[in-house]
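In case you want the letters, here they are:
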Amino acid sequence: MPSTQAVPVTLAEIARIAGVGRAAVSNWRRRHDTFPERIGGTDASPQFSLTEAEGWLRANNKLKEAGGRELLWPRFEALGSRDEAGLAIAEAGRRMRGGRARAMDPPLSPDAQELVGEAARLGRREGPKETFDFLLQRWLDAHVRQISTTPPPLAALMAEIALRVRTNRSGNRMTVLDPACGTGHLLAAAAEAYSSRPVELLGCEQDPALAALAAARLAADSEPDGGTAEIRAGNSLLADPFNGVTADVVLCNPPFNERDWGYEELATDPRWTHGLPPRTEPELAWVQHVLAHLTPGGAAVVLMPPAVASRKAGRRIRSALLRTGTLRAVIALPPGSAQPHSVSLQLWVLRSGDAPNGGDDVTLIDSTRAGRAGARETGSPDWEALGEFVRTVLDAIDPELPSTAMPPGAARVSLIDLLDDEVDLTPGRYVSSTDQDTQPELADSWQEFTALLSSLQQTGRALADLDVTGEGGRNAATTVGDLARAGALTLTGGQQPPDGAVQKESPTTGGVPLLTVPDLLMDTGPSGWLSTADAAVVAEPGDVVVAGVARAFSAWVHQGPPTALGPQLYALSVVPDMLDAHFLAGCLRAPSNGRQAGTHASSSSRVDVRRLHVLQLPLEDQRQYSEAFRTVKEFHSLLSQLNGLGTGLVNNLSDRLVTGRLPAAR
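One structure accompanies this document, and this report is about it. If you're wondering where the values come from, they're calculated on a predicted model, not measured in any experiment. (Residues numbered from 1 in each chain as written. Predicted model: local features only at pLDDT ≥ 70, side-chain atom pairs only at ≥ 80, totals over all residues. Heavy atoms only, no water.)

Next up on the list: the environment of Ala332. Looking at where Ala332 falls in the secondary structure, it is placed in strand β9 (residues 327-332). A C-alpha to C-alpha distance of 9.5 Å links Ala332 and Met304, two positions 28 residues apart in sequence. The residues touching Ala332, leaving out its near neighbours within four places in the chain, are Ser344, Leu345, Gln346, Ile365, Asp366, Ser367, Thr368 and Pro427. (Helix = DSSP H or I, 4+ residues; strand = E, 2+ residues; numbered from the N terminus. Contact = heavy atoms within 4.5 Å.)

With that out of the way, let us pick up the sheet that holds strand β10 (residues 346-351). Pairing is mixed across the open sheet formed by nine strands, whose spatial order is β6-β5-β4-β7-β8-β10-β9-β11-β12. Looking at which strands have only one partner, the edges of the open sheet turn out to be β6 (228-233) and β12 (410-414). Averaged over neighbouring strand pairs, the angle between their axes works out to 15 degrees when direction is ignored. Bridging between strand β11 (residues 361-366) and β12 involves five bridges; their strand directions are antiparallel. Its bridge partner lying in β12, Ile365 is registered against Ala410. Those strands touched by helix α14 (residues 383-397) are β9, β11 and β12, and its axis lies near 160 degrees from that of β11. (Pairing = 2+ DSSP bridges. Axes fitted to C-alpha atoms, helices over the stretch in contact; angles between N-to-C directions.)

Glancing now at the sheet that holds strand β15 (residues 511-515). Spatially, four strands are ordered β16-β15-β20-β17 in an open sheet, and the strand pairing comes out mixed. Both outer strands of the open sheet, β16 (528-531) and β17 (538-539), are each paired with one neighbouring strand and no more. Bridging between β15 and β16 involves four bridges; their strand directions are antiparallel. Paired with Leu514 across the two strands is Gly528, which belongs to β16.

Of all the nine residues making up helix α9 (residues 185-193), seven are buried; the element is thus mostly covered by neighbouring parts of the structure. Three or more residues of α9 are buried, namely His185, Leu186, Leu187, Ala188, Ala189, Ala190 and Ala191. (Buried < 20%, exposed > 50% of the residue type's maximum accessible area, 1.4 Å probe, protein only.)

Quick look at the pattern of salt bridges now. In total, this model carries 26 salt bridges according to the counting rule given. A salt bridge links Arg94 to Glu91; its shortest N-O distance comes to 2.9 Å. With Arg94 and Glu91 both in helix α5 (residues 82-96) and three residues apart, the pair spans about one turn of that helix. The class for Glu91 is buried, based on a relative accessible area of 1%. Residue Arg412 pairs with Asp361 through a salt bridge whose shortest N-O separation is 3.6 Å. Of this pair, Arg412 sits in strand β12 while Asp361 is found in strand β11, placing the two residues 51 residues apart along the sequence. (Salt bridge = Lys/Arg side-chain N within 4 Å of Asp/Glu carboxyl O.)

It is worth spelling out the packing of aromatic side chains at this point. Within the structure shown, the criterion is met by eight aromatic pairs. Consider the rings of Trp28 and Trp56, whose centres lie 5.8 Å apart with planes at 40 degrees: the pair is tilted. Of this pair, Trp28 sits in helix α2 (residues 22-31) while Trp56 sits in helix α3 (residues 50-59), and the two are 28 residues apart along the sequence. For Trp28, a relative accessible area of 11% gives the class buried. (Phe/Tyr/Trp six-rings, centres within 6.5 Å; stacked < 30°, edge-to-face > 60°.)

This next bit is on the side chain of Ser352. Locating Ser352 in the fold gives a position in the loop between β10 and β11. Residues contacting Ser352, with those up to four places away along its chain left out, are Leu294, Thr295, Pro296, Gly297 and Gly298.

For the second largest pocket, the calculated volume is near 1000 Å³. Together, 34 residues line the second largest pocket, and Thr10, Glu13, Glu77, Gly511 and Val512 are the ones closest to its centre. Residue assignment for the lining of the second largest pocket shows that the elements contributing at least two residues are β1 (8-10), α1 (11-18), α4 (67-77), α7 (128-142) and β15. For the lining of the second largest pocket, the element with the highest residue contribution is α1, accounting for four residues. Across the lining of the second largest pocket, the residue classes break down as 15 nonpolar, 12 polar and seven charged. (1 Å grid on protein atoms, 1.4 Å probe; cavity = no way out; pocket = protein on both sides within 12 Å on 5 of 7 lines; lining within 4 Å. Points joined across faces, edges and corners; volume = space filled by probe spheres on them. Nonpolar A, V, L, I, M, F, W, Y, C, P; charged D, E, K, R; others polar.)

Next up on the list: the packing of α1 against α2. Where α1 meets α2, the axes come as close as 8 Å, and the angle between the chain directions of the two elements is 105 degrees. Judged by the inter-axis angle, α1 sits roughly perpendicular to α2. Contact residues: α1 offers Leu11, Ala12, Ile14, Ala15 and Ala18, while α2 offers Arg22, Val25, Ser26 and Trp28. Tallied by class, the residues present in the contact of α1 with α2 amount to seven nonpolar, one polar and one charged. (Parallel < 35°, antiparallel > 145°, perpendicular 65-115°, else oblique.)

This paragraph deals with the side chain of Arg82. Position of Arg82 among the secondary structure elements: in helix α5. Within polar-contact distance, the side chain of Arg82 engages the side chain of Asp83 at 2.7 Å. (Polar contact = N/O pair within 3.5 Å; in protein donor to acceptor, adjacent residues only side chain to side chain.)

Moving on to the nonpolar core. In terms of nonpolar packing, the biggest core is built from 45 residues, with Ile161, Val176, Tyr194, Leu251, Leu303 and Leu347 touching the most fellow members. A total of eight residues in this core trace back to one element, the largest contributor, which is helix α8 (residues 152-165). The next biggest cluster of nonpolar side chains, apart from the first, holds 40 residues, and it includes Ala300, Val330, Leu350 and Leu415. (Core = buried A, V, L, I, M, F, W, Y, C linked by side-chain atoms within 4.5 Å.)

So, on to unusual backbone geometry. Of the consecutive residues Gln339 and Pro340, the connecting peptide bond is found in the cis state with omega at -5 degrees. Of note, Pro340 is situated in the loop between β9 and β10. Within the chain, Asn61 stands out as a residue other than glycine whose phi angle is a positive 55 degrees. Note on placement: Asn61 falls in the loop between α3 and α4. Although it is not a glycine, Gln568 sits at a positive phi angle of roughly 70 degrees. Relative to the assigned elements, Gln568 resides in the loop between β20 (563-565) and β21 (569-574). Among the residues examined, Gln568 registers a relative accessible area of 21% and is labelled partly exposed.

Let's shift gears to a nonpolar patch on the surface. Taken together, the side chains of Trp446, Leu653, Leu657 and Leu662 define a hydrophobic patch exposed on the protein surface, amounting to about 410 Å² of accessible area. Position of Leu653 among the secondary structure elements: in helix α21 (residues 619-658). (Patch = residues over 30% accessible without salt bridge, like charges linked within 9 Å, V, L, I, M, F, W, Y side chains within 5 Å. Areas by Shrake-Rupley, 256 points an atom, 1.4 Å probe, with all protein chains shown as cover.)

Quick look at the state of the cysteines now. As enumerated under the stated definition, the model contains zero disulfides in all. Left without a disulfide partner, Cys204 is nearest to the cysteine sulfur of Cys181, which lies 6.9 Å away. (Disulfide = S-S within 2.5 Å.)

Between α1 and α3, whose axes approach to 11 Å, the crossing angle comes to 40 degrees. It follows that α1 is oblique to α3 by the angle criterion. As for how α1 packs across α3, the hand of that crossing is right-handed. Residue-level contacts link Ile14, Ile17 and Ala18 of α1 to Leu50, Ala53 and Leu57 of α3. Among the residues making up the contact of α1 with α3, the classes are represented as six nonpolar, no polar and no charged. (Left-handed = near helix turned anticlockwise from the far one by under 90°.)

Turning next to α3. Listed as buried for α3 are Leu50, Ala53, Glu54, Trp56 and Leu57. Buried residues in α3, looked at end-on, bunch into an arc of 165 degrees, giving them a common side. Of the residues flanking the start of α3, the one acting as N-cap is Ser49, its side-chain oxygen 3.3 Å from the backbone nitrogen of Thr51. Following α3 by one or two positions, Asn61 adopts a phi angle in the positive range, close to 55 degrees. (Arc of directions from axis to C-beta.)

Written out as C-alpha cells, the structure reads:
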C-alpha cells in the first residue's frame, strides 16, 4: 500500500514497520548505500520518507507480515490534527464493518478520505477489530497526555462491582450508561462483563473525535449478543443528550478539577437533590448527575480524586449521600491505577432507591496495599490481587450470601461515626494500615527481602571475583572528543527550549518528552513536553546520555522512547562496529572520570563531556568490560531495592509494635 505523500518517519518507526530494533535499522543505513536519504529532522534524530522507506524494505525483503498496519499509522499521524486523525480512524473502523462512505461534520480532508478508504480495505483483509484496535491504541498513545482513559483492568473491576451491588436484577435486558465515555473503555468492559444478556450501551462525550471513536469501537462489541450501542456528542452536565433516560448501571470516570463546569447556569437544576455542588466541587455534580440516571435499585461506580472525600466544601452533600443510604462504599485504590498515576484514586459505589438497610453504615475499603507488589515492579497494581481483595469484601457485605468476617483492610463504619463536623470518607482514616498486613503477608515481605539479599550477595560475589588488581594504565585511554573526531560516535548537546515552548502535556500535533537536569535531581523523569519542531536534540533508544553537571553527573544507555534533552545533557550515538554502548556508559559514569573532567570542585560545576576518558579496547574486550559494568549497575539497583523494602519493613514493624501486637508473656 504505497503512500502518495512524503510522510516523514523516524528510525524507530521504520524499525516497528520492519519488526526489528532501532539498532538494526541504523546498521542498515550505514551498510547499504541504497538506504533512503534523510529528508528532515536532525543528525541525532533523522527523518525519512515513508514511501521511500517502504520501497526499500520491500526491495530488500525486510517488511514484516503485520507491516500493513504499521505503514498506516504514520500516515494518520501526518494528517497534522489530533481531531482529524481520530475522526478518520473512527470512520475507517465503521467502514471496515461494511458501512458506506458518508459525509462527516466536520468534513475530512481529501488526504484523510483517501486514507480512510485504504484503511477500511486493509481492515477487511486483515481483520476489522484487530486493525481498528491497533490504530485506536496508537492514536491514544500519541496523545496520552491530553486524553485520560480508564485502564481496562480498572474498567472491568468497576463493571463487576456495579453488577454485584445493584438490586434491580429482574428482567433479561440491561441498560448501561457512561455520561463521560471518552473512547468507550468503561462501556466496552460492561459489554464484556454483562455478555450473558442483551445490553444497551449509552454513552455521552463532549469531544467529537472521542465520541466518534467510541461509537466505532462499541458497535461491534454490542451487536453479537443482540445488544445496541448509542454514543452521542455533548456535554452531559450542561446539555444532557440522555435527559430523562434511566439505566440499571452507570459507570463514570469524570473529568477532574474542572472549574468551568456550569455552576452559574445549573444553580437551580433539579438533579441537585443532595445539595447544590460548590463551584470547587465539580465531581459532586457528576455524582448527582449519575444518580439522576439510575433506576431504583440501580448501581453506579464513579472514579474520584481522593480530596473529594474530605474537602470542607463538599461536606453537606457527602452527609446527604450518607443519610439517604445512597453512598454504599468508598474504595481507595493503589497509586498507579489510573491517571493521575501518582495519586491514590477512589471508587465511589452508589445505589439508588430501594437499597436495603440503606442508612445504617458504609463500607470503607483501603486497597492501596492490596496491589502493592505489582506497583513496585511495573508501576501499575497487581490487578488480580486487587480484584480478589475487593470481591472478598463485597462477598462479606452481600445480604444474599452467608455472613462472613470483614477482611483486614476494610470496615463497615456506622453513620454515627461518619456524620461529624468533617464527614471525612477517606478509608485510611478508619482502616489501620497495620491491619492489612497479616502474618503471611509479612512473611512474604521477609521472603522477598531474603531473596533480594541473596541476589545482592550473589552479585556481590561476582564482583568480588573480578580481578581488578592489575596494573592500571596499561591500556591506552582516549577521550569522547577524540572518539567523535574519529567517527566512532556522534556527540550532541541538549539546548534550552525557546521561551514558551515547554508544555505540561503532549502537543496536539505530536511531540517528545523533555528531560532536564532538575528532573534528574528530583528523580521524577521527564516533566515537560516539546513539539517535534522545538526539540533540537533527541536521545533515541540505544544512545548514551550523559548529565554534564557535577551534582547530577551520570551516564546511561537510554532505553525509553525518544526524549528531548535540555541544557547540560548530552546524547552520544555510537557506531556499533566500533563502540559498545554499555561499555561507553560504564567508562563515562565512573566518579573519578567526572571529577577529572569537571571545571572546578563545587557541586554546581560543569563536566566537560569531551574530556571524559574512555579505555581504548578492541570491541571483543569492550563487551567483556560491558558485562562487568552491567553487574556493577545491577548491584547498585539491588542495593536501592533492598533499602526501600527494608525501610518499609522497619516502619511496618514499628507501627505494629506500638499497637501492642506482641503476644502476652505467660
